[in-house]
Amino acid sequence: MPKGSVAITAERCKGCGFCVEFCPTHVLELSSAFNAKGYHPPHMITAEKCSGCNLCGMYCPDFAIFGYKFPDLKGGKVGPA
Amino acid sequence: MPKGSVAITAERCKGCGFCVEFCPTHVLELSSAFNAKGYHPPHMITAEKCSGCNLCGMYCPDFAIFGYKFPDLKGGKVGPA
Amino acid sequence: MTHADPRCVLTGTHFINGDAACCEGALAAGARFAAGYPITPSTEVVERFASRAPTVGGIFIQMEDELAASIALQGMVWAGQKSFTVTSGPGYSLMMEHIGLAAMTETPCVFVNVQRGGPSTGLPTLPAQGDMMQARFGSHGDYSTISLVPSTPQECFDLTVTAFNLAEQFRVPVMFMMDECVGHMTEKVVIPEASEIELYPRRRASKPPGEFLLFEPGPDLVPEMAHAGEGYNVYVTGLTHDNRGYPLMNPKMQRELITRQFEKISRAADQLTIVESEGVEGADVVIVAYGITARVSRRAIQMARDKGLKVGLLRLICVWPFPEKLIRELAPKVKALVMPELNMGQVVIELERCAGGKCKVISVPHPGGTVHKPADILEAIERGAQ
Amino acid sequence: MTHADPRCVLTGTHFINGDAACCEGALAAGARFAAGYPITPSTEVVERFASRAPTVGGIFIQMEDELAASIALQGMVWAGQKSFTVTSGPGYSLMMEHIGLAAMTETPCVFVNVQRGGPSTGLPTLPAQGDMMQARFGSHGDYSTISLVPSTPQECFDLTVTAFNLAEQFRVPVMFMMDECVGHMTEKVVIPEASEIELYPRRRASKPPGEFLLFEPGPDLVPEMAHAGEGYNVYVTGLTHDNRGYPLMNPKMQRELITRQFEKISRAADQLTIVESEGVEGADVVIVAYGITARVSRRAIQMARDKGLKVGLLRLICVWPFPEKLIRELAPKVKALVMPELNMGQVVIELERCAGGKCKVISVPHPGGTVHKPADILEAIERGAQ
Amino acid sequence: MLKEIRIAGFGGQGVILSAHITGRAVALHENGYATMTQNYGPEARGGAASAALVISDQPVLFPYVANPDILVVLSQEAFTRFTPEVKEGGTLLVEEDLVHMENLPQHLKVYSIPATRIAEELGKKMVLNVVMVGFFCSITGAVSYDACLAAVKDCVPAKFLDLNIKAFDRGFQFGQELLVKGTKPEADTESEAILESAN
Amino acid sequence: MLKEIRIAGFGGQGVILSAHITGRAVALHENGYATMTQNYGPEARGGAASAALVISDQPVLFPYVANPDILVVLSQEAFTRFTPEVKEGGTLLVEEDLVHMENLPQHLKVYSIPATRIAEELGKKMVLNVVMVGFFCSITGAVSYDACLAAVKDCVPAKFLDLNIKAFDRGFQFGQELLVKGTKPEADTESEAILESAN
Amino acid sequence: MSTTPELAILNPVEEVLRKDRIPTIWCPGCGIGTTVNSFAYALMGTGIDLKKTAIVSGIGCSGRVSGYMALDSFHTTHGRAIPFATGLKLANPELNVIVYSGDGDLTSIGGNHLVHAARRNMDLLVVCVNNMIYAMTGGQAAATTPGNSMSTTTPYGSFEPEICLPQLVDACGAVFVARWTAFHVKQLERTMAKALKKKGFRFIEVVTPCPTLYQRRNNMGDGLAAMMDYKNSQQDQERRPHLRSGHGARRRYHRR
Amino acid sequence: MSTTPELAILNPVEEVLRKDRIPTIWCPGCGIGTTVNSFAYALMGTGIDLKKTAIVSGIGCSGRVSGYMALDSFHTTHGRAIPFATGLKLANPELNVIVYSGDGDLTSIGGNHLVHAARRNMDLLVVCVNNMIYAMTGGQAAATTPGNSMSTTTPYGSFEPEICLPQLVDACGAVFVARWTAFHVKQLERTMAKALKKKGFRFIEVVTPCPTLYQRRNNMGDGLAAMMDYKNSQQDQERRPHLRSGHGARRRYHRR
Ligand SMILES: Cc1ncc(C[n+]2csc(CCOP(=O)(O)OP(=O)(O)O)c2C)c(N)n1
Ligand SMILES: Cc1ncc(C[n+]2csc(CCOP(=O)(O)OP(=O)(O)O)c2C)c(N)n1
Ligand code: SF4
Ligand code: SF4
Ligand code: SF4
Ligand code: SF4
Ligand code: SF4
Ligand code: SF4
Ligand SMILES: [Mg+2]
Ligand SMILES: [Mg+2]
């Protein structure tokens, strides 16, 4: 049961791979698909491992991805860590 | 018997008093006479004490004075220390 | 128009030099902030300002060089203040990049240049009018600004106020082109009551954030202004930019932007034809001069009139933009226009162009260091009258 | 005249851009030292020089800013070398103080400006000719220098050599006014044999130390030069100075010095009238243009001739000093002179002045970012022909 | 004979170099005249880049290209921007994987090549521009094979020479094959989709 | 009534201030017009300094002084340089200890004062310029005593006010006494020597 | 897997970005954008009044940062961001003024202003993006380019030693000096937040990848390679001044 | 008492002075001329080839030194002596190039060149005459003016801390850094001689009296008073940066 997830704006992505490399739980991978600019944006390969920690978002130089936590059952805060 | 003496170009002097103050043996004094620019150049008051060390020359910002040593009887160098 | 703040105005009669009068003019105009760097013969302006400004809640900052001074003042303006800087030849050369920046970003401010003999270090303590073309063309690229030239300490006061007003009205950097003579000449200067000093207020954004565009031209092509800290998220760049201020680097935007920046000045040509004329009507020869040289010319004119010559004086107070229309009208009516300048012939280029061959144009150049001998100007008048 | 050093000359046929050709021209002219600071679109000149110079015993130094670059090169010259610097608009503005220094100290050197759209940061990658008046008047005070404008990469090579030669002949800083178009345009460039490249050698002191005076004018008013390290105890200052080079700050010395510095150029007006003319004889309309704009004008001329109009082209290669005499002679013979420029109308001021009302003078301004549409120039030709 | 050519894509694709090679071929290896100019934005990579080339048997007066005879596009943005400028009946060369040809004017002769893919197959994506030069040479005949190859050799570092010659040849070959098949791109499903949307 | 005045000496003697005080007296305390200009060298002290003052009952057009009606000299250099410029029949005021009057033109009216010595006696060499203002006021009558005194008061720091008033008065007094004795300097041996060499 | 739809649309940093200007002009793998994230979170986290916050840049790839921030943005001339900011701050002391620019801009052409703003303890936060190169103009050597590196103006390797910025700024008397790399996103955010809340002259250097113009010419791989390098290697001293003598990436400078 | 007539006429330092330019423009009690003595003896003592020695100044009272030396003399623009000297040295490496100028010139407007010449270890000797003021222009505050001092542009006392030059230059990597006062004529001579013989970027600061424009306004007496002060007082820290924290007048800096 994943604790969080990511939102990706594929058209902004320049395929640098920072998010993939620095995701602590190795949730992401660059897809083989091109976006309009010819880059390969990331997608989730092990979504269940995502903690929503938003490290991917912190690293993404193009504001193309960010992570967020699912609402806590006890009513915690929603939003990036 | 003095070991040295000084040469003074009175017209260059601006009366700052450096030579007087920093002569280690207090050989000099500012004279009461004016030079053309209205300054009081130094003169020797205790010439016998002059070692010719040229400290006055080192201090004079206007190249108006310098000290030199008398020739050594044993044929030493003539000129500023 | 608003009026000067009485706390900043040293109302009264003074015996002060042009530099001091310029400082008082800036204060009266509402400048409480200035950035500068010392240089002879301009330093007295900022020295006085450094002492006066804190008494009215202002600051003078002496920057590390003229590059810094000439942009720090623009920061002051974008923070909502009126501001100016003061320099002389070598420092003015160092300010050129930032005069272009001020023109491009339409930053209202005043650059005072107390001209001395050049080129290079030249004659630091002696007068010249050798930076007149530099005032117009010294920065790279095309821009159009305003240059005023005072010829008495009294005018150093009065016209400094005008310089600030024009800067605000047109959102341009205004060049205040003094010279060592006027700057270091001491005379009676009358500073009026604050209520008699009219000020052109900052053209502030009349729309709220979101609707307001920082470079949207008003009816007179001049945009309104918002400052840092007012919630507008202003965007100011020296790049070619659109009405939001965002960089937009293509020939079309360039044409739109630069053409407008020229037109906002050229449309106001009549307002900016600021001259003083004396005996021009019916004259055979008119001396066209500015600054200290205009004053020296008066003696030559007296001498010429004594000889029975019909001579007038057209004193240019606003040199840039050049009063083209006036000269085009005047040239056919006279035998000659004579222009003495404390330079090798700078503004006379424009004079001759505008005269368009309709009369003789006689340049009386002078490399500076002192003023003209009236006899030299007289000689030119006589040549012109033939 | 001597000849170029074969080791420095890349004899052969090349497909290179104007920036590269300029670099090769400088090397061929004997410049093995340069100081610079990167700026688009000029950087390729020094990048190439940085790679080429060490192969011929030279050095390129990238300084910390343009202020430094524009004076380091003068140090190089006073050490006995030929040297130059390269920049574009904003950097050129920063060099203004030192152009004045070079003029005042009569330091032979070359300032290359690859012009881009301005003012301020403007259009860094796009062309303009907006710094033409700055090249003449950008530094404070009065000085007279030479400005050349190439219109093809081939000319970037050829005229760079000329620029160095003129610098040496007159002991002045020479402005080499390229633009982004020409700088970034790639074409065939033929570099001749070194033996075919004539160089004007440094005018070295012909008298021994003690007798030699560093600023004593020769018959053509140009002084000879001694360098640091040659035992002459040279004294070089930006202050007004006497023939020894010692500061002497009075109006008389100022007049003597500045007048001579102007005259050494003005006396050579004929040599410095460097133009290319085509179809001017018998033309109704002559286009007067320089640099890339002259090339663009050729298409407009073709179009006009197709319409049966008699149009000629006068291409200014040396823009400053302005070919005054030539224009004064030409103006009465034509209906109109048309001047397209990639600026809001700069050199046309001189054109109109010299035309003296003898013919129409039509400015075709353009704020830059691209070249003129030939149709716009055609339209001006048609107006002129009426 | 005067031909105006534009090659456009984004920074980093070697657009400028491909124009340079072509111009050089004409100017130095064919006794013709060539003038190359370039436009680029402030971006070092990823921004729009385009080069214009005027080749002629006469000296080139006007160096700019407003309406090219031949347009080579390596990016969608370049396609959208420059296609409308091509002369009536002009030629369009396209990097087929990077460009979706929407609103393609009917009057154009269109030739596509997966230059990036070919370059990647050769082991170095960067040679896509040389592939394109070969393709250009092959399709347009505006410059001879020999001159073009000589220019390629002039311009590339020695250690990449073989690779580049291969890239040039692959591009040239691809063009020759295409010419045999006709001006329209191969009717594989992917490019059919493109053609559809190009109505 | 237009009077051209030059006051000259070296930097640090307060030459400029003395001209300022005099001009101020005319412009602000007498309803006249005064224009003061100055020349100075690059030196902060010790270099040549000179001020020119034009006073008139009409606005002053030409602000410079080529041939003064009155010359005040405080240094040898100033004497040598400016004396030849004085108008025929003009007035020369001299600091007598600092100037040896060689080649003195006969047409001049000459008045000397040991201003520095007087200032030193008052305890501050720096007020020599105010002594000179008093002397000037007294000898030339170009400006009234009251106006001049008022201007002195305007210009000096409060804590030195008394000293300066004294200096002004001493200068004025010295002038009055001299006028009684005639235009030539006191015939003490020292100044006689000067006069001799002034032939 | 349910996502909260609103969140899925808006990246939180966009609160302080000019959305209408994205995508940025920066290259793939350029580290400048990464530093902007740390800055954005620091800005939002400290709760300073964003309406009273201005950001000033010079010219360069890094100098474009000001233009992407939804603050009062000033993109001035090359090297002169600090004196512009000085004027801004003096004339309206209520403003938080941040200078964000490149190494070339702030330390080469603008070096004098850096020195003197630090000396006069001007109340500014200066963030210097150090990619060890003049990037925007195409890869010329900067004062920060490590000795022996290749660049377009040092085709035989640069023969000048590079400058150590924290040491320089410290010598001038800055009250707060720090250095991180773009890899240290969290540490950088915290440092920025801390600096934002301090008064006086504060300086933060961020060593940042420039794959296009610095790394490529020096065979140092792409942006990711640089980031990995920042992460892993603490030993190899070659061409990585962020790891050098006493000024390790992790070391923070405090003064006064 | 017999004097040797020849000696009595020629001051030995005149060998390296332009005699036709004496008297100097300097004020009574100005310390600049005193530093010139140390420099002259150092020059003569080291026996370097004076024909291959050039001296470069900027603008200022101190900047006039170059014009009094019988060397190749360059009086350049304000602040730019170092880059001029850099060009000179690069284009003729045989030259000994000395920059001799004022504190304002070298460290305020010219600060950037100082920083970068030190950084690139340019082979120059820079002598900075620090009189803690802009003298030639009439006494404005400089970056070296001690905090709270009076000057014409700080009529209420300067509110900016002054810079410590040896610390700055050291941080930039100079190979030789020293500071003396004009009182320390012998030490200064020795230090200058030592520096003249070294290679690389060498920097010597000399704290010097300016009675006319700095001291008078700060009630610090005449030139002699300043010299006495340099001699005697080591405790009083007020307004005498030459005595301050760790940068005592007697401390010499060496690096590399
Ligand atoms: C006066 C001036 N000189 C030169 C330039 C050209 N220029 C623009 S950006 C830049 C270098 C930027 O380097 P840096 O600050 O390190 O930023 P980066 O691009 O590396 O992020 C230069 C030299 C300019 N715009 N203005
Ligand atoms: C570009 C420029 N700005 C300003 C000046 C004016 N200026 C000449 S000397 C000087 C200050 C000199 O101070 P410093 O270097 O400390 O020398 P000092 O006179 O104190 O010996 C200044 C500001 C100038 N000549 N050029
Ligand atoms: S939010 Fe955290 S865990 Fe999820 S993908 Fe991003 S970095 Fe990985
Ligand atoms: S970090 Fe951003 S730009 Fe890089 S691959 Fe991930 S989403 Fe794309
Ligand atoms: S030479 Fe020495 S002892 Fe003689 S007066 Fe000079 S300082 Fe005194
Ligand atoms: S040191 Fe020189 S200037 Fe000073 S009093 Fe002595 S001789 Fe005169
Ligand atoms: S050139 Fe370098 S610094 Fe500039 S955007 Fe690209 S990677 Fe970033
Ligand atoms: S003003 Fe100061 S530094 Fe200048 S000469 Fe006089 S005492 Fe020396
Ligand atoms: Mg950088
Ligand atoms: Mg000083």
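Everything that follows concerns the structure shown earlier in this document.
Residues numbered from 1 in each chain as written. Chains lettered and ligands numbered in written order. Predicted model: local features only at pLDDT ≥ 70, side-chain atom pairs only at ≥ 80, totals over all residues. Heavy atoms only, no water.

*Asks:* I keep staring at the coordination of the magnesium ion (ligand 9) and nothing clicks. Help me out?
*Replies:* By definition of the ideal shapes, a tetrahedral metal site with four donors has angles of 109.5 degrees and an octahedral site with six donors has angles of 90 or 180 degrees. Residue and element names in this part refer to chain G. Donor atoms from the polypeptide that coordinate the magnesium ion (ligand 9) comprise D103 (OD), N131 (OD1) and I133 (O), at 2.0 to 2.1 Å from the metal. Summarised as a motif, the one-chain spacing of the donors to the magnesium ion (ligand 9) is D-x27-N-x1-I. Taken together, the residues span a long stretch of sequence, with D103 in helix 5 (residues 103–109) and I133 in the loop between strand 4 (125–130) and helix 7 (165–171) at a distance of 30 residues. (Donors = N, O, S within 2.8 Å, 3.2 Å for Na, K, Ca; no water. Helix = DSSP H or I, 4+ residues; strand = E, 2+ residues; numbered from the N terminus.)

*Asks:* Can you help me understand the coordination of the magnesium ion (ligand 10) in this one?
*Replies:* Residues and elements named next belong to chain H. Only D103 (OD), N131 (OD1) and I133 (O) from the protein coordinate the magnesium ion (ligand 10), and they sit 2.0 to 2.2 Å from it. If you list the donors of the magnesium ion (ligand 10) from N- to C-terminus, the spacing comes out as D-x27-N-x1-I. Placement of D103 in helix 5 (residues 103–109) and of N131 in the loop between strand 4 (125–130) and helix 7 (165–171) is noted, with a sequence separation of 28 residues between them.

*Asks:* Help me out: how do you make sense of the pattern of salt bridges in this one?
*Replies:* Opposite charge on two side chains permits them to pair, given that their charged atoms come into close proximity. Summed over the entire model, instances satisfying the criterion amount to 84 salt bridges over all chains. R383 of chain D serves as the salt-bridge partner of E379 of chain D, at 3.2 Å between the closest nitrogen and oxygen. Remark: R383 of chain D and E379 of chain D occur in helix 13 (residues 374–385); sequence separation between them is 4 residues, near one turn of the helix. Judged by relative accessible area, E379 of chain D falls into the partly exposed class, the value being 37%. Residue K87 of chain F pairs with E4 of chain F through a salt bridge whose shortest N-O separation is 3.4 Å. One end of the pair, K87 of chain F, is in the loop between helix 2 (76–82) and strand 5 (91–95); the other, E4 of chain F, is in strand 1 (residues 2–10), with 83 residues separating them in the sequence. Of the residues examined, K87 of chain F reaches a relative accessible area of 32% and is grouped as partly exposed. Here the salt bridges do not stand alone but share partners, grouping R136, E324, R328, E350 and R353 of chain C together with E352 of chain D into one network. (Salt bridge = Lys/Arg side-chain N within 4 Å of Asp/Glu carboxyl O. Buried < 20%, exposed > 50% of the residue type's maximum accessible area, 1.4 Å probe, protein only.)

*Asks:* How should I be thinking about the site of ligand 7 in this particular structure?
*Replies:* Of all residues adjacent to ligand 7, which total 12 residues, the nearest are C27, C30, C61, N131 and C210 of chain G. Around ligand 7, the nearby residues trace back to chains E and G. The biggest single contributor to the shell around ligand 7 is helix 9 (residues 211–215) of chain G, with 3 residues. When the residues that make up the shell around ligand 7 are grouped by side-chain class, the tally is 10 nonpolar, 2 polar and no charged. (Near = heavy atom within 4 Å. Nonpolar A, V, L, I, M, F, W, Y, C, P; charged D, E, K, R; others polar.)

*Asks:* So what exactly am I meant to see when it comes to the arrangement of the chains here?
*Replies:* Here the protein chains form 16 pairs of chains in contact, of which the pair with the most contacts is chains C and D. If you take every C-alpha in chain B and every C-alpha in chain C, the smallest gap between them is 23 Å, and the two do not touch. Separated in space, chain A and chain F share no contact, their closest pair of C-alpha atoms being 57 Å apart. (Contact = heavy atoms within 4.5 Å.)

*Asks:* Help me understand helix 6 (residues 111–119) of chain G, please; the structure alone is not making it clear to me.
*Replies:* Given 3.6 residues to a turn, an α-helix orients residues that are three or four positions apart in the same direction. All names here are of chain G. Extensive coverage of helix 6 is indicated by the burial of 9 of its 9 residues. Within helix 6 the residues assigned to the buried category are G111, N112, H113, L114, V115, H116, A117, A118 and R119. In the stretch just after helix 6, N121 is the one whose phi turns positive, near 50°.

*Asks:* What exactly am I supposed to notice about unusual backbone geometry here?
*Replies:* Of note, the amide linkage connecting G118 of chain D to P119 of chain D takes the cis form, showing an omega dihedral of 0°. Within the secondary structure layout, P119 of chain D lies in the loop between strand 6 (109–117) and strand 7 (123–127). Cis geometry is adopted by the peptide bond preceding P23 of chain H, which originates at I22 of chain H and carries an omega value of 10°. On the secondary structure map, P23 of chain H appears in the loop between helix 1 (5–9) and helix 2 (32–46). With a phi angle near 55°, H26 of chain A is a residue other than glycine that sits in the positive phi range. The residue F63 of chain B is not glycine, and still its phi comes out positive at about 55°.

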